[in-house]
Amino acid sequence: MGILFLAAFWVSRRPAVLVAAVAWLGYTAYEMAMHLRWLCTGECNIRIDLLLIYPILLVLSAAAVIAAVRWQWRHRQA
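Below you will find a few notes about this structure. (Residues numbered from 1 in each chain as written. Predicted model: local features only at pLDDT ≥ 70, side-chain atom pairs only at ≥ 80, totals over all residues. Heavy atoms only, no water.)

**So, the pattern of salt bridges**
This model, assessed by the stated rule, comprises two salt bridges. The closest approach of N and O atoms between Arg47 and Glu31, which form a salt bridge, is 2.7 Å. Taken together, the residues span a long stretch of sequence, with Arg47 in the loop between α2 (15–35) and α3 (50–77) and Glu31 in helix α2 at a distance of 16 residues. Asp49 is paired through a salt bridge with Arg47; the nearest N and O atoms lie 3.0 Å apart. One connected set of salt bridges, linked through shared partners, spans Glu31, Arg47 and Asp49. (Salt bridge = Lys/Arg side-chain N within 4 Å of Asp/Glu carboxyl O. Helix = DSSP H or I, 4+ residues; strand = E, 2+ residues; numbered from the N terminus.)

**Some words on the environment of Pro55**
Its location among the elements puts Pro55 in helix α3. Under the relative-accessibility criterion, Pro55 is labelled partly exposed at 41%. A C-alpha to C-alpha distance of 21 Å links Pro55 and Arg14, two positions 41 residues apart in sequence. (Buried < 20%, exposed > 50% of the residue type's maximum accessible area, 1.4 Å probe, protein only.)

As structure tokens, then:
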């Protein structure tokens, strides 16, 4: 998702798209650290942190998609 949002930012230059790209790339790094047990020393089966992370990613992704679509719609009309 982070790479897709980076590509969309490259085309549209919308700040909301860049924020979503950075958030997804940060989440990817965070999950990799969790998988490698750098951030989790033992039992990591119950991930309460995802109850906060997923809604934030969802809102940022929705805002980025809306910004990119609005940019494309305006650009197409010009």
